[in-house]
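Descriptive analysis of the structure
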Amino acid sequence: MTELLSETGRETMLAPLFEAGWTMVEGRDAITKTYQFDNFVEAFGFMTRAALWAEKWDHHPEWFNVYKTVEVTLSTHDAGGLSALDAKLARKMDQLAG
Ligand code: HBI
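As the structure is a prediction and not an experimental result, all values here were calculated from the model.

Focus: the site of the ligand
Around the ligand sit D58, H59, H60, S75, T76, H77 and D78, and those are all the residues in its vicinity. Here D58 contributes a side-chain N or O atom positioned 2.9 Å from an oxygen atom of the ligand. One of the backbone N or O atoms of D78 is found 2.9 Å from an oxygen atom in the ligand. In isolation the ligand exposes 380 Å². Once the protein is present, 65% of that is buried.

Have a look at this one:
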C-alpha cells in the first residue's frame, strides 16, 4: 500500500508543482495540469515519452488528449490520494514537456 503524502510532504513536494502550473482537483486528493503543444504530433510524442516513465515507475497518469492539448491528472489509486509518486511523475512530465 503506497503512503499518502504527509502534511509536510505536501508543503515541500507540491509547492514547486503549484508554481509550475499544477493545481489541486476540486473535491479530490489529486493534482492536474493541462499542457498545450504546437500540434498533435508534439502532444502525442510527449505522451509517448511520459508513458515510458510511467511504465518504468509502475505509476500511471489519468490523461485526456484532444489534438494539441494533454490534460493530466495524477493521484495514487492504491493510496486513495496523493503520494510521492505523483509528485515525482509530475516533475518528470514537466521536464519532458520542455
Ligand atoms: N498508477 N496512478 C497510479 N496509482 C496506482 O495505484 C497504481 C498505478 N499504476 C500501477 C499500479 N498502481 C500497480 O502497482 C497496481 O497497484 C495496479
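A closer look at the nonpolar core
Grouped together as the largest cluster of nonpolar side chains are 20 residues, with contacts concentrated most on W22, I31, F46, L74 and M93. In terms of residue count, the dominant contributor to this core is helix α3 (residues 84-97) (5 residues). Discounting chain neighbours no more than four positions away, the residues touching F46 are Y35, F37, V70, M93, L96 and A97.

Observations regarding the confidence of the model for the chain
Mean pLDDT over the chain: 97, with 100% of residues reaching 70 or higher. Model confidence for the complex: the whole-complex pTM is 0.96, and ipTM, which rates the interface, is 0.92.

A few points about the pairing of strand β2 (residues 31-36)
As defined by bridge partners, strand β1 (residues 23-24) adjoins β2 across 2 bridges and the pair is classed as antiparallel. Residue pairing in the sheet places M24 in a bridge with I31 of β2. Taken together, β1 and the strand that follows it, β2, pair antiparallel across an intervening segment of 6 residues, in which G27 is found at a positive phi of about 75°. Inspection of the sheet shows β2 paired to strand β4 (residues 69-74) by 6 bridges, in the antiparallel sense. Along β4, the bridge assignment pairs I31 with L74.

Quick look at a nonpolar patch on the surface
On the surface, F40, V41, F44, F64, V66 and Y67 cluster together into a nonpolar patch covering about 640 Å² of accessible area. At the level of elements, α2 (40-56) and β3 (62-66) are the ones that each hand at least two residues to the nonpolar patch. Tracing the backbone shows F40 in helix α2.

A few points about the packing of aromatic side chains
Counting across every chain of the model gives 6 aromatic pairs. Relative to W57, the ring of W53 lies with its centre 5.0 Å away and its plane at 55°, an arrangement referred to as tilted. The class of W53 is partly exposed, set by a relative accessible area of 27%. Grouped by ring-pair contacts, the aromatic residues W22, Y35, F37 and F46 constitute a single cluster. The ring of W53 carries the charged tip of K92 above its face, separated from the ring centre by 3.8 Å.

Each value, and the rule that gives it
- Residues numbered from 1 in each chain as written.
- Predicted model: local features only at pLDDT ≥ 70, side-chain atom pairs only at ≥ 80, totals over all residues.
- Heavy atoms only, no water.
- Near = heavy atom within 4 Å.
- Polar contact = N/O pair within 3.5 Å; in protein donor to acceptor, adjacent residues only side chain to side chain.
- Areas by Shrake-Rupley, 256 points an atom, 1.4 Å probe, with all protein chains shown as cover.
- Core = buried A, V, L, I, M, F, W, Y, C linked by side-chain atoms within 4.5 Å.
- Buried < 20%, exposed > 50% of the residue type's maximum accessible area, 1.4 Å probe, protein only.
- Helix = DSSP H or I, 4+ residues; strand = E, 2+ residues; numbered from the N terminus.
- Contact = heavy atoms within 4.5 Å.
- pLDDT = per-residue confidence, 0-100.
- Pairing = 2+ DSSP bridges.
- Patch = residues over 30% accessible without salt bridge, like charges linked within 9 Å, V, L, I, M, F, W, Y side chains within 5 Å.
- Salt bridge = Lys/Arg side-chain N within 4 Å of Asp/Glu carboxyl O.
- Phe/Tyr/Trp six-rings, centres within 6.5 Å; stacked < 30°, edge-to-face > 60°.
- Lys NZ or Arg CZ within 6 Å of the ring centre and 35° of its normal.

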